[in-house]
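These are the residues of each chain, in order.
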Amino acid sequence: MKFNPYLNFDGNAEEAFRFYQSVFGGELFLQRMGDAPGSENLPDNEKTRAMHVAIPVGDGQFLMASDCLPSAGHVLNVGNNNYISITPDSREEADRLFNGLSAGGNIEMPMEDQFWGDYFGSFEDKFGVRWMINFPNSTK
């Protein structure tokens, strides 16, 4: 199991990660909102926002982020700009962690196979901590 910090930004995730890359080094990974299915419905100024950005910060560990989408009602507030992202060792472990940690909380995205190829879900637990569970299906 691996834990990775996941940050949210309001349109400046790429700028922040180019700065972080200058400190940590490593190769920058960037997917834009305009690359996602259904993105043709996004306002043009949101298509260039980061859907997912990451840099390696250790052995198998990554600092990751995305930009909020104002057109989807997302508002960046202190408290929702951080997630704990867990990469479990199996799909079953992903379900166990998701079901256990989300009990009594608010589910944002249920555990489902996603278009990018992973099994993913996110939620806020009953204490206000935000979590992402992401199992890469390629490791089945």
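This structure is a prediction, so every number in the text was calculated from the model and none was measured. (Residues numbered from 1 in each chain as written. Predicted model: local features only at pLDDT ≥ 70, side-chain atom pairs only at ≥ 80, totals over all residues. Heavy atoms only, no water.)

A.B. asks: Break down the side chain of Asn8 for me, with residues and values.
C.D. replies: Tracing the backbone through its elements, the reader meets Asn8 in strand β1 (residues 2-9). On the basis of relative accessibility, which here comes to 11%, the residue Asn8 falls in the buried class. If sequence neighbours within four positions are ignored, Asn8 has contacts with Ser66, Cys68, Leu76, Asn80, Asn81 and Tyr83. (Helix = DSSP H or I, 4+ residues; strand = E, 2+ residues; numbered from the N terminus. Buried < 20%, exposed > 50% of the residue type's maximum accessible area, 1.4 Å probe, protein only. Contact = heavy atoms within 4.5 Å.)

A.B. asks: Describe in detail the nonpolar core, supporting the description with residues and values.
C.D. replies: Counting residues in hydrophobic clusters, the biggest one holds 11 residues: Leu7, Phe9, Ala13, Ala16, Phe17, Leu28, Ala50, Val53, Ile55, Leu63 and Ala65. Elements supplying a minimum of two residues to this core: β1, α1 (13-24), β3 (50-58) and β4 (61-67). Here Leu63 is in contact with Pro5, Leu7, Phe17, Tyr20, Phe24, Val53, Ala54, Ile55 and Val57, once residues within four sequence places are set aside. Counting 10 residues, the second largest nonpolar core, distinct from the first, contains Ile86, Leu97, Met111 and Tyr119. (Core = buried A, V, L, I, M, F, W, Y, C linked by side-chain atoms within 4.5 Å.)

A.B. asks: Residue-level account of the side chain of Asn137, with values.
C.D. replies: Of note, Asn137 is situated in the segment after β8 (130-136). The buried category is assigned to Asn137, whose relative accessible area is 12%. A polar contact is formed between the side chain of Asn137 and the backbone oxygen of Gly117, at a distance of 3.1 Å. (Polar contact = N/O pair within 3.5 Å; in protein donor to acceptor, adjacent residues only side chain to side chain.)

A.B. asks: Give a description of the pattern of salt bridges that names residues and reports values.
C.D. replies: Inspection of the entire model under this criterion finds eight salt bridges. Notably, a salt bridge pairs Asp113 with Arg91, separated by 2.9 Å at the nearest N-O pair. Residue Asp113 is found in strand β6 (residues 106-113), and its partner Arg91 is found in helix α3 (residues 91-102); the two are separated by 22 residues along the sequence. Where Glu124 meets Arg130, a salt bridge forms, and the shortest distance between an N and an O atom there is 2.9 Å. Judged by relative accessible area, Glu124 falls into the partly exposed class, the value being 21%. Linked through salt bridges whose partners overlap, the residues forming this network are Glu14, Arg18 and Arg32. (Salt bridge = Lys/Arg side-chain N within 4 Å of Asp/Glu carboxyl O.)

A.B. asks: Account for a nonpolar patch on the surface, with residues named and values stated.
C.D. replies: A cluster of nonpolar residues, Met1, Phe3, Ile84, Phe127 and Val129, forms a patch on the protein surface that exposes about 480 Å² of accessible area. Following the sequence through the fold, Phe127 ends up in the loop between β7 (118-124) and β8. A residue is classified by how much of its surface remains accessible, and Phe127, at 68% relative accessible area, is exposed. (Patch = residues over 30% accessible without salt bridge, like charges linked within 9 Å, V, L, I, M, F, W, Y side chains within 5 Å. Areas by Shrake-Rupley, 256 points an atom, 1.4 Å probe, with all protein chains shown as cover.)

A.B. asks: Now, about the environment of Gln114: what can you tell me, with residues and values included?
C.D. replies: Along the chain, the position of Gln114 falls in the loop between β6 and β7. Residue classification places Gln114 among the buried positions, given a relative accessible area of 15%. Linking Gln114 and Asn8, residues 106 residues apart in sequence, is a C-alpha distance of 19 Å. Separated by 3.3 Å, the side chain of Gln114 and the backbone oxygen of Glu112 make a polar contact.

A.B. asks: Residues and numbers for the pairing of β8, please.
C.D. replies: When a strand is regular, its side chains alternate between the sheet's two faces. With six of seven residues buried, β8 is to be regarded as a mostly interior element. Here three bridges tie strand β5 (residues 82-87) to β8, and the two strands are oriented parallel to one another. Bridge pairing links Ile86 to Ile133 in β8. Where β7 meets β8, seven bridges bridge the pair, whose relative direction is antiparallel. Bridge pairing in β8 links Phe123 to Trp131. (Pairing = 2+ DSSP bridges.)

These results come straight from atomic positions and should not be treated as a statement about function.
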